[in-house]
Amino acid sequence: MKIGIVSYGAYIPRYRIKVEEIAKVWNGDPSALKGGLKVFEKSVPALDEDVVTIAVEASRNAIERGNLDAKRIGAIYTGSESHPYAVKPTSTIVAEAVGATSDMTAADFEFACKAGTAAVQVCMGLVGSKMIDLGLAIGADVSQGAPNDALEYTAAAGGAAMIIGRNEDEIIAEIECTSSYTTDTPDFWRREGQPYPRHGGRFTGDPGYFKHVTNGANSLLKKLGKTAKDYDYAVFHQPNGKFPERVAKSLGFTQEQIEPGLAVTNLGNTYSGASLIGLSATLDIAEPGDRIFVTSYGSGSGSDAFSIKVTENIKKCAKDVPTVEKLLSNPIYLDYGKYAHHKGKIKF
Amino acid sequence: MPVPRFWREQKGRYNLIGTYCKKCGKHFYPARSICPFCRRSGEIEDFQFKGKGEIVTYSVIHASSEDFDHLTPYILAIVKLDEGPCITTQIVDEPTDIKIGDRVKAVFRRLGSDGKAGIIYYGTKFVIDN
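Just so we're clear, the structure is a prediction, and the values are computed from it rather than from any experiment.

Q: What am I meant to see in the domain arrangement of chain B here?
A: By a frequent convention, interface size equals the accessible area lost on bringing the separate parts together. Residues and elements named next belong to chain B. For chain B, the domain assignment lists domain 1 (1–48) and domain 2 (50–130). The centre of domain 1, based on its C-alpha atoms, is set 20 Å off from the matching centre of domain 2. At the boundary of domain 1 with domain 2, total buried surface from both sides reaches about 1100 Å², with 69% on carbon and sulfur atoms. Looking only at domain 1, the three residues that lose the most surface to domain 2 are Y14, L16 and Y29, adding up to 43% of its buried area. In this assembly, domain 1 and domain 2 are joined by zero salt bridges.

The following block contains the structure:
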């Protein structure tokens, strides 16, 4: 039995702030920051947007792209580290807003930046065991970065939704295999009640991102007996533009393979949404027969790797649903004052 | 707004579900349980609007009530849905060249909240449909 993505959708708020604008406030060197991070601007939620609204818009785009009946959805899982409620699921609001029935299960996930891909894996299990027909897995965040922290230059807002199913006539991208790598690594955290996360600076690199992405990716490649050359595209978690490029190179992937899914440059790090937005951008341009390699990363720490093969059904997707490229176009730029207002950094 | 009242109305607010009279063909939003034209002979059923329409008129709000003060200046408009009913709604994402007659489409946004600890209300607002 094949399991795969039957549809997908992304959503990105229209507001942006440029790295120069943030650097101006904190006396940072914009050229050095842009060169070091390979991020030029980041998305910012509107005053009335949060993880729930982003998850709903991404999910509605996914349902519309696949022309699917939302009543077939048997499970909804939303991965995020910025759910608007500490207690009250985002996923139940999404279910009501997309028109799913009450005869389904739902829960919210949290695993730093990889909660969205964890949701995909759980939906694969439920679909594969025939407990449900379709599963809706969402990764969305309105991520936080403390004023003048390195994260403030990249912490962005956005999300993507994947609808997982097993009907071969509907699967647009078969998930051939998945593999994970998980350890207890305290590279990034946010304590209960704290508005901003803390992190271990450079410690988030080698023992965090690179170790877990490399081991997760190699584990999957070994399991399948494949190498980087067997893939047309690759997507890696993108906390900045530099990390995915470095890890891709070390695993044998080329810049051309990762370029279509490297949305971070003009988007920033959308945390739980990042890998799935990268995958969405790649599916936007993929052709039947293309193979896509995806590895997410979540601090704390873990990675989920996926081997995906695009099918002929991708040609049946609705064409008028916004692509990631379209969602990134026509931005509204904010100055730092308005950005601080949008992010609730100004306390009365 | 009391939580039970919002909960009773949330299906309509999330997905623009109103009603339709099968006898006279008129649509209503918010939902009506009786057709005001056909009265007792009307046949009312739920109807989900497509979420597309056009701006009939609008105003830019600079001085608002306390609950919406953080959003000012914002655009409040009367939108005529393609199926007929007119609704009062916010036009989001700061359109700079808004005009009467502009096409709009529904989006899902926060409508408000009961302070920092209370319930968050979600529902439908509109953006310019380019």
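Q: How should I be thinking about the packing of helix α4 (residues 90–98) of chain A against helix α1 (residues 3–15) of chain B in this particular structure?
A: In a packed pair of helices, the relevant descriptors are the angle between the two axes and the axis-to-axis distance. Between α4(A) and α1(B), the shortest axis-to-axis distance is 8 Å and the interhelical angle comes to 65°. Between α4(A) and α1(B), the crossing angle belongs to the class labelled roughly perpendicular. The handedness of the crossing between α4(A) and α1(B) comes out as right-handed. Packed against α4(A), whose contacting residues are A:I93, A:E96, A:A97 and A:V98, the element α1(B) presents B:Q10, B:K11, B:Y14 and B:N15 at the interface. Residue composition of the contact of α4(A) with α1(B), by class: four nonpolar, two polar and two charged.

Q: I keep staring at the interface of chain B and chain A and nothing clicks. Help me out?
A: With 20 residues of chain B at the contact, the number on the chain A side is 23 residues. Summing both sides of the interface, chain B and chain A together bury roughly 1900 Å²; the carbon and sulfur share of this comes to 48%. Connecting chain B to chain A are five salt bridges. In this structure, B:R109 engages A:D48 in a salt bridge whose closest nitrogen and oxygen atoms are separated by 2.9 Å. Summed over the shared surface of chain B and chain A, the number is 15 residue pairs in polar contact (both at pLDDT 80 or more). Its residues placed into classes, the side of chain B that touches chain A shows eight nonpolar, six polar and six charged.

Q: How should the sheet that holds strand β3 (residues 41–44) of chain A be read in this particular structure?
A: Each strand in a sheet pairs with another by means of backbone hydrogen bonds, the pair being arranged parallel or else antiparallel. Spatially, three strands are ordered β3-β2-β14 (chain A) in an open sheet, and the strand pairing comes out mixed. What marks the edges here is a single partner per strand, and that holds for β3 and β14 (332–333) of chain A.

Q: Quick question: what am I supposed to make of the state of the cysteines here?
A: A disulfide bridge is the covalent bond that connects two cysteines by way of their sulfur atoms. As enumerated under the stated definition, the model contains zero disulfides over all chains in all. You can see A:C317 has no disulfide; the closest cysteine sulfur is in A:C123, sitting 18 Å from it. For A:C317, a relative accessible area of 10% translates into the label buried. Counting only cysteine sulfurs, B:C38 is the nearest neighbor of B:C24, a cysteine outside any disulfide, at a range of 3.6 Å.

Cut-offs used in this document
Residues numbered from 1 in each chain as written. Chains lettered and ligands numbered in written order. Predicted model: local features only at pLDDT ≥ 70, side-chain atom pairs only at ≥ 80, totals over all residues. Heavy atoms only, no water. Domains from an automatic or database assignment. Buried area = accessible area lost by both parts, 1.4 Å probe. Salt bridge = Lys/Arg side-chain N within 4 Å of Asp/Glu carboxyl O. Axes fitted to C-alpha atoms, helices over the stretch in contact; angles between N-to-C directions. Helix = DSSP H or I, 4+ residues; strand = E, 2+ residues; numbered from the N terminus. Parallel < 35°, antiparallel > 145°, perpendicular 65-115°, else oblique. Left-handed = near helix turned anticlockwise from the far one by under 90°. Contact = heavy atoms within 4.5 Å. Nonpolar A, V, L, I, M, F, W, Y, C, P; charged D, E, K, R; others polar. Polar contact = N/O pair within 3.5 Å; in protein donor to acceptor, adjacent residues only side chain to side chain. Pairing = 2+ DSSP bridges. Disulfide = S-S within 2.5 Å. Buried < 20%, exposed > 50% of the residue type's maximum accessible area, 1.4 Å probe, protein only.

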